[in-house]
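Residues per chain are reported as follows:
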Amino acid sequence: MIGEYFDGAPIVTWASLKVSQQSVVIGFDLDMTLLDTRPGIAATYRALTVRTGVHVDAELAVSRLGPPLRAEISEWFPPESVEEAVRVYRLLYPEHAITPAVALPGALAALAAVRAAGGRIVVITSKLGRLASLHLAHLDIPVDEVHGDVFAEEKASVLRSVGATAYVGDHVADMQAGVLARVPVLGVTTGPCSADELRAAGASAVSADLHAFPAFLRGVISVGRPGSDD
């Protein structure tokens, strides 16, 4: 049953979840969930400093990836300069950030598990969709849909619109999105948030990385199915 609430919304538990016979649709966050984008993003921030003359502590910035770009830019630039800094950063991004990114441990196996289950892969990220797509194309990672420039409750709206079965992310806002969309969510500690923080935000399960995802997926699609113990 659903016995807990987060921000007014019920937390989905294994006992409450009843997966239908519809197609499996799994949402994934991008930065620090599927890909380690920190080196390239740090390089982009350093290039932004050179271009604008405004110092950005690149290592600090990449230690807290997750929220929208404007939130980080606002830490370094005055309000009247934020939009221009965002524009310049995004111009610099393809040159500096795409090539250094690598798949995180277990990411490719996680995506393969979705395909093996006959499922669809939807990337839902605060990064602009075109930049996320550049990362995926460079690493030859095929997905079915990319939804960019969304965060927290906006991700929940996307999860509902695509009929998501579950979501996977590394940030407390990703856990909140799963809670609001009423889908189970796997939290991974490859990003800035601890296991305790992810659990407190509503994670259905927490793992050190995506190596745990195939077992998570099997649990999600078996709950409520004929022959299960649930």
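These numbers were taken from a predicted model, which means no experiment stands behind them. (Residues numbered from 1 in each chain as written. Predicted model: local features only at pLDDT ≥ 70, side-chain atom pairs only at ≥ 80, totals over all residues. Heavy atoms only, no water.)

Engineer: Could you clarify how one ought to interpret the side chain of Asp36 in this entry?
Structural biologist: Tracing the backbone shows Asp36 in strand 4 (residues 35-36). Within the local environment of Asp36, its side chain forms a polar contact with the side chain of Arg38, the two groups lying 2.9 Å apart. Each residue touching Asp36, except ones within four places of it in the same chain, is listed here: Pro100, Ala101, Val102 and Leu104. (Helix = DSSP H or I, 4+ residues; strand = E, 2+ residues; numbered from the N terminus. Polar contact = N/O pair within 3.5 Å; in protein donor to acceptor, adjacent residues only side chain to side chain. Contact = heavy atoms within 4.5 Å.)

Engineer: I tried to follow the pairing of strand 3 (residues 25-28) on my own but got confused; where do I start?
Structural biologist: Strand residues, when the strand is regular, have side chains that alternate between the two faces of the sheet. Burial along strand 3 is two-sided: the face carrying Val25 and Gly27 and the face carrying Ile26 and Phe28 are both buried. Relative to strand 6 (residues 120-124), strand 3 runs parallel, the two being bridged by four bridges. Bridging across to strand 6, Val25 finds its partner in Arg120. Two strands pair when backbone bridges link them, and strand 3 and strand 8 (residues 166-169) are joined in this way by three bridges, in the parallel orientation. Within strand 8, the position partnered with Ile26 by the bridge is Ala166. (Buried < 20%, exposed > 50% of the residue type's maximum accessible area, 1.4 Å probe, protein only. Pairing = 2+ DSSP bridges.)

Engineer: So what exactly am I meant to see when it comes to the packing of aromatic side chains here?
Structural biologist: Aromatic ring pairs: the centre-centre distance and the angle between the two ring planes describe each pair. Tallying each qualifying case throughout the model produces four aromatic pairs. Their ring planes at 50° and their centres at 5.7 Å tell us that Tyr89 and Tyr93 sit as a pair that is tilted. With Tyr89 and Tyr93 both in helix 4 (residues 82-97), this residue pair falls four residues apart, about one helical turn. There is no split in this pair, since Tyr89 and Tyr93 are both buried. Here Phe213 and Phe216 contribute two aromatic rings whose centre-to-centre distance is 6.1 Å and whose plane-to-plane angle is 40°, an arrangement assigned as tilted. (Phe/Tyr/Trp six-rings, centres within 6.5 Å; stacked < 30°, edge-to-face > 60°.)

Engineer: Is there a simple way to think about the environment of Tyr167 in this case?
Structural biologist: Along the chain, Tyr167 turns up in strand 8. For Tyr167, a relative accessible area of 0% translates into the label buried. Taking C-alpha positions, Tyr167 is 9.7 Å from Lys155, a pair spaced 12 residues apart along the chain. Excluding residues that lie within four positions of it along the chain, Tyr167 makes contacts with Gly27, Phe28, Asp29, Ile124, Lys155, Leu159, Asp174, Val183, Pro184, Val185 and Leu186. A polar atom in the side chain of Tyr167 sits 2.8 Å from the backbone oxygen of Ile124.

Engineer: Sorry, what's going on with the pairing of strand 8 here?
Structural biologist: Residues Ala166 and Val168 line one face of strand 8 and the alternating positions Tyr167 and Gly169 line the opposite face, and both faces are buried. Inspection of the sheet shows strand 8 paired to strand 9 (residues 185-188) by three bridges, in the parallel sense. Paired with Tyr167 across the two strands is Val185, which belongs to strand 9. Once you follow strand 8 into helix 8 (residues 172-181) and on to strand 9, the crossover reads as right-handed. (Right-handed = clockwise from strand over helix to strand, strands pointing away.)

Engineer: For this particular structure, what's the right way to read the nonpolar core?
Structural biologist: One recurring pattern in soluble globular proteins is that nonpolar side chains are buried together. Residues Ile41, Tyr45, Leu48, Ile73, Phe77, Tyr89 and Tyr93 are the most contacted members of the largest nonpolar core, which totals 26 residues. Elements with a minimum of two residues in this core: helix 1 (38-52), helix 2 (58-62), helix 3 (69-73) and helix 4. No other element matches the eight residues that helix 4 contributes to this core. Leu48 has contacts with Gly53, Ile73, Phe77, Ala85, Val88, Tyr89 and Leu92, leaving out every residue within four places of it along the chain. Counting residues in hydrophobic clusters, the runner-up holds 25 residues, among them Ile26, Leu34, Leu111 and Ala113. (Core = buried A, V, L, I, M, F, W, Y, C linked by side-chain atoms within 4.5 Å.)

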